[in-house]
Each structure stands twice: as C-alpha cells, then as structure tokens.
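Coordinate analysis (summary)
Spelled out from the first residue to the last, the chains are:
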Amino acid sequence: MRKEDYFIWLFARGFRDTLDLKSIELFLRQELKWKYIIDTAQEEGVACLIYNRIKENSLEHFLPEYALNHLETIYYSHSAHNTLIYEEFQLVAAALKKESISFIPLKGLILAANVYKNIALRPMKDLDFLVKKEDLKSSVRIFKNLGYHLLLDLDKTLINPYAYSITLIKENAGNASFFSIDLHWHIFNSSWMMGFLAKETDSVQIWADARSGVIEGINTLVLSPQLLLVYLCLNAFNHGFARLIMLVDINRVLKEYKDEIDLDQVKALAQSFGLLNVLDIASGLSPGQGDSAFRSYQQLKRLSFYGLPVLLYIATVKGIFAKTRSAARLSMIITYLFCRRLGHKNA
C-alpha cells in the first residue's frame with residue numbers, strides 16, 4: 001500500500017474530528033511524492049477536494065509551494081469550467097421548461113451544487129438529464145435549436161432494446177471547446193450490460209417519486225435521496241469503480257441526507273430493481289467505511305477490466321436460481337454481441 005494513495009483516500013474521505021486532524025498533520029510531516037499525489041488525485045477526480053480540505057484546515061505550510069500552487073490552479077480551473085456548465089444548464093433548462101418538458105438533472109449537476117455545495121469540488125464533463133421516453137424526440141429537437149447535434153441516429157438508437165441514453169454535442173460553445181449532453185430515458189437500466197442482468201425498472205414510479213428541488217436558482221425535479229443513492233451506487237458499479245470520486249459521491253449523499261434516508265427503504269428499493277448486491281458492494285466501498293474499504297478499493301483497482309461489473313454482479317447475487325439466471329443472461333450478451341458483429345461484417 002502506497003502512503004500517497006492512503007493520503008488521497010484520507011483527504012477524499014474528510015476529517016471526522018480534532019484527533020483525526022492531528023493524525024493527518026503527523027501524516028503530512030512524512031516525505032510524500034507530491035507529483036504522484038496530484039496526478040493520481042486528478043485521475044480519481046478528487047484533486048479539488050484535497051485542495052479545499054487543505055485550505056479549510058490551514059494545512060498549507062505542510063506542502064511544498066509548487067504542489068500547493070498546482071492544486072490551486074486545478075481548483076480554479078474546475079471552478080471556471082463548472083461555472084460554464086451551469087450557465088449552459090440554465091439555458092437548456094429554460095428551453096425545456098418553455099416546451100413544458102419534465103426533466104431530472106443527474107450526476108454532477110445535482111451533486112456539485114446541492115450535495116458538495118461548492119461547484120468546484122465535483123468534476124463535470126457533461127450535462128446529464130433524465131427525460132420521459134415520450135418526450136425524447138421533442139427534447140432532441142429543442143437541443144438542436146440550441147446548436148447541439150446528435151452523435152448517433154436517434155431512430156436506430158430507439159429500436160435498440162439495450163440503449164438507454166443518447167449523446168448530443170455543441171461545438172465552440174462560448175469559452176468552452178464543446179458541451180455534451182447525455183439524455184437518458186432510464187436511470188437504473190443505464191448500461192446495456194446491466195440491462196441484461198438487472199430487472200426492468202418502473203420508470204413511471206421513478207417519476208412519481210421525484211420531488212421538487214432547486215439547482216443554481218433553477219426550479220426542477222430531482223431524484224429522492226433514496227433513488228439518488230441507489231443510482232449513484234449503480235453508476236459507480238457500472239464503471240467498475242474506476243474513479244474514487246464516484247465512491248465519495250455516495251459518502252457525501254449519505255451525510256447530506258442522513259436525516260431523510262432510511263437504509264431499510266433503500267435496500268428494499270434496490271431489491272426491487274435486482275440491485276441489492278450492487279448497493280451492498282458500492283456502499284461498502286464508500287470512504288466513510290474506513291480502512292477496510294480502502295483496501296478493498298485498491299484490490300478492485302488492480303483487478304479492473306471491461307467485463308468486471310458483469311462478473312462481479314453474477315458472483316455476488318444471492319441464490320442459486322439468481323446466479324443461474326444471471327449466467328444465462330450473460331450468455332445472451334455474448335450471443336447478442338456476436339450477432340451484431342457478424343451483422344456489421346456482412347453489411
């Protein structure tokens with residue numbers, strides 16, 4: 001275990017009390033490889049969190065000047081970039097509202113403003129929205145009027161039974177080279193792999209459970225805390241826990257909504273979607289779980305490969321019948337991909 005990796009974990013987790021902070025100070029007195037820390041923290045999406053915790057706790061004097069300056073540059077760069085994203089969000093949200101189209105902002109849009117409460121702390125690459133499938137074509141038309149264009153053919157995407165989102169791009173957008181929007185019509189069946197394995201979700205119920213919220217001054221619908229937690233667990237799982245920020249998201253939601261989240265209700269919700277094992281794994285890796293979670297996360301990072309989520313799902317689902325069903329569906333994935341590849345070759 002590299003002490004630099006543990007340093008990143010501690011700062012991403014946050015300091016619990018004065019004693020914890022004293023331990024951090026002792027840790028900082030060691031010789032640390034700051035270039036490795038900064039590069040890895042950027043890859044993990046937590047560099048701005050580290051800088052913010054250093055400033056909040058007056059720990060600047062422990063860092064070499066070049067390291068502090070580098071972290072500061074990253075922090076303000078993210079702040080400027082995310083400011084542009086929220087400006088675009090306000091433009092897009094206004095256009096959707098004008099056409100009376102319901103939407104739910106996802107991922108960074110809700111997390112940076114409402115959970116981290118500092119838009120610099122949560123990196124964002126694009127804008128993610130959930131819309132109803134019947135509003136999808138109208139939404140795409142609105143985005144096209146705003147200068148976006150589709151990366152894939154919409155009609156072909158919609159007939160694909162395992163497509164759950166589509167991407168639009170707006171090039172030369174203001175001071176940014178481009179903005180992209182991922183438009184989802186499912187949230188829990190959010191990848192084709194999990195679409196084969198997990199149960200089909202009730203989109204009507206998801207919309208019914210959504211509640212009113214405000215993001216950067218825009219009135220909108222948001223996922224309930226329970227739905228948000230399960231969604232974030234699945235998002236991290238789908239990506240093979242590739243970045244630490246995904247687990248920090250889970251930890252922050254648990255803290256922010258601790259008075260509203262009933263964990264028994266969350267487990268029942270995950271069970272209804274066939275995602276209880278996903279919830280257990282992702283929440284167990286949350287930095288709030290301590291050093292055992294850190295060791296497990298490090299092991300997963302070493303094992304990381306494209307098919308990890310599928311194999312992990314099958315390995316951890318409970319019951320012989322459920323495992324057999326999942327394995328059978330995995331064979332369907334392989335057959336489906338083979339047929340698609342064969343079809344492309346013969347086209």
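Every residue gets a number counted from 1 within its own chain, in the order that chain's sequence is written. Selection of residues for local features in this predicted model requires a pLDDT of at least 70, selection of side-chain atom pairs for listing and counting requires 80 or more, and totals for whole chains, interfaces and linings are taken over all residues. With hydrogens and water set aside, each side-chain value is computed from the structure's full complement of heavy atoms.

Elements are defined by DSSP. Helices are runs of H or I of four residues or more, strands are runs of E of two residues or more, and each kind is numbered from the N terminus. Tallying secondary structure elements over the chain gives 17 helices and seven strands in all. Exposure categories follow from relative accessible area, calculated using a 1.4 Å probe and restricted to protein chains: below 20% of the type maximum is buried, above 50% is exposed, and the middle band is partly exposed. Evaluated residue by residue, the chain yields a buried proportion of 53% over its 347 residues. Only the protein chains shown count as cover for residues, with accessible areas throughout obtained via the Shrake-Rupley method and a probe of 1.4 Å. Element-wise, carbon and sulfur atoms account for 53% of the exposed surface of the chain, whose accessible area totals about 16,800 Å².

Only C-alpha atoms enter the line fits that serve as axes; for helices the fit covers just the stretch in contact. Angles between N-to-C directions range over 0 to 180 degrees. Running from amino to carboxyl end, helix H11 (residues 225–238) crosses helix H13 (residues 263–272) at an angle of 55 degrees, the nearest separation of the two axes being 10 Å. On the basis of the axis angle, H11 is oblique to H13. Once H11 is placed against H13, the crossing between them reads as right-handed. Facing H11, whose interface residues are Gln-226, Leu-227, Leu-229 and Val-230, H13 presents Gln-265, Val-266, Leu-269 and Ala-270. Of the residues assigned to the contact of H11 with H13, the class counts are six nonpolar, two polar and no charged. Oblique is the label for any angle not under 35 degrees, not over 145, and not in the 65 to 115 range, which are roughly parallel, roughly antiparallel and roughly perpendicular in turn. For any pair of crossing helices, the crossing counts as left-handed if the nearer helix is rotated counterclockwise from the farther one by less than a right angle, and right-handed if it is rotated clockwise. Any two residues having at least one pair of non-hydrogen atoms within 4.5 Å are treated as being in contact. Any residue outside Ala, Val, Leu, Ile, Met, Phe, Trp, Tyr, Cys, Pro, Asp, Glu, Lys and Arg is labelled polar, Gly included; the first ten of those are nonpolar and the last four are charged.

A few words now on helix H7 (residues 136–145). Taken together, the buried positions of H7 are Leu-136, Ser-139, Val-140, Ile-142 and Phe-143. Seen from one end, H7 has its buried residues packed into an arc of 160 degrees, which puts them on one side. Looking one or two residues past H7, Gly-147 carries a phi angle of roughly 100 degrees, positive in sign. Think of the arc as the fan of directions from the helix axis to the C-beta atoms.

Any Phe, Tyr or Trp ring, taking Trp's six-membered ring, that has another such ring centre within 6.5 Å forms a pair; planes under 30 degrees apart are called stacked, those over 60 apart edge-to-face, and the others tilted. All told, the structure shown has 15 aromatic pairs when counted by the stated rule. Relative to Tyr-75, the ring of Tyr-51 lies with its centre 5.0 Å away and its plane at 45 degrees, an arrangement referred to as tilted. Remark: Tyr-75 occurs in helix H5 (residues 65–98) and Tyr-51 occurs in helix H4 (residues 47–56); sequence separation between them is 24 residues. Aromatic pair Phe-237 and Phe-241: ring centres 6.0 Å apart, planes at 90 degrees, arrangement edge-to-face. No difference in accessibility class separates Phe-237 from Phe-241, as the two residues are buried. Over the ring of Tyr-36 we find Arg-2; its NZ or CZ atom is 3.8 Å from the centre of that ring. Remark: a charge is flagged as sitting over a ring if the NZ atom of Lys or the CZ atom of Arg is within 6 Å of the ring centre and within 35 degrees of the ring normal. One cation-aromatic arrangement involves Lys-132 over Trp-207; the distance from NZ or CZ to the ring centre is 5.3 Å.

Position of Lys-55 relative to the elements: it lies in helix H4. Sequence separation of Lys-55 and Glu-72 is 17 residues, and the distance between their C-alpha atoms is 9.8 Å.

As a further point, take the environment of Asn-277. Note on placement: Asn-277 falls in helix H14 (residues 276–284). By relative accessible area, which is 9% here, Asn-277 ends up buried. Spatially, the C-alpha atoms of Asn-277 and Leu-312 are 9.2 Å apart, while their sequence positions differ by 35 residues. Residues within four places of Asn-277 in sequence aside, it is in contact with Tyr-313, Thr-316 and Val-317.

A few words now on the pairing of strand S2 (residues 127–131). For S2, a buried count of five out of five residues is recorded, marking the element as mostly surrounded by other parts of the structure. Along S2, one buried face is formed by Leu-127, Phe-129 and Val-131 and the opposite face, lined by Asp-128 and Leu-130, is buried too. A pair of strands counts as paired when DSSP detects no fewer than two bridges linking them. In this sheet, S2 lies alongside strand S1 (residues 103–106) in antiparallel orientation, the contact comprising four bridges. Bridging from a neighbouring strand, Leu-106 pairs with Asp-128 of S2.

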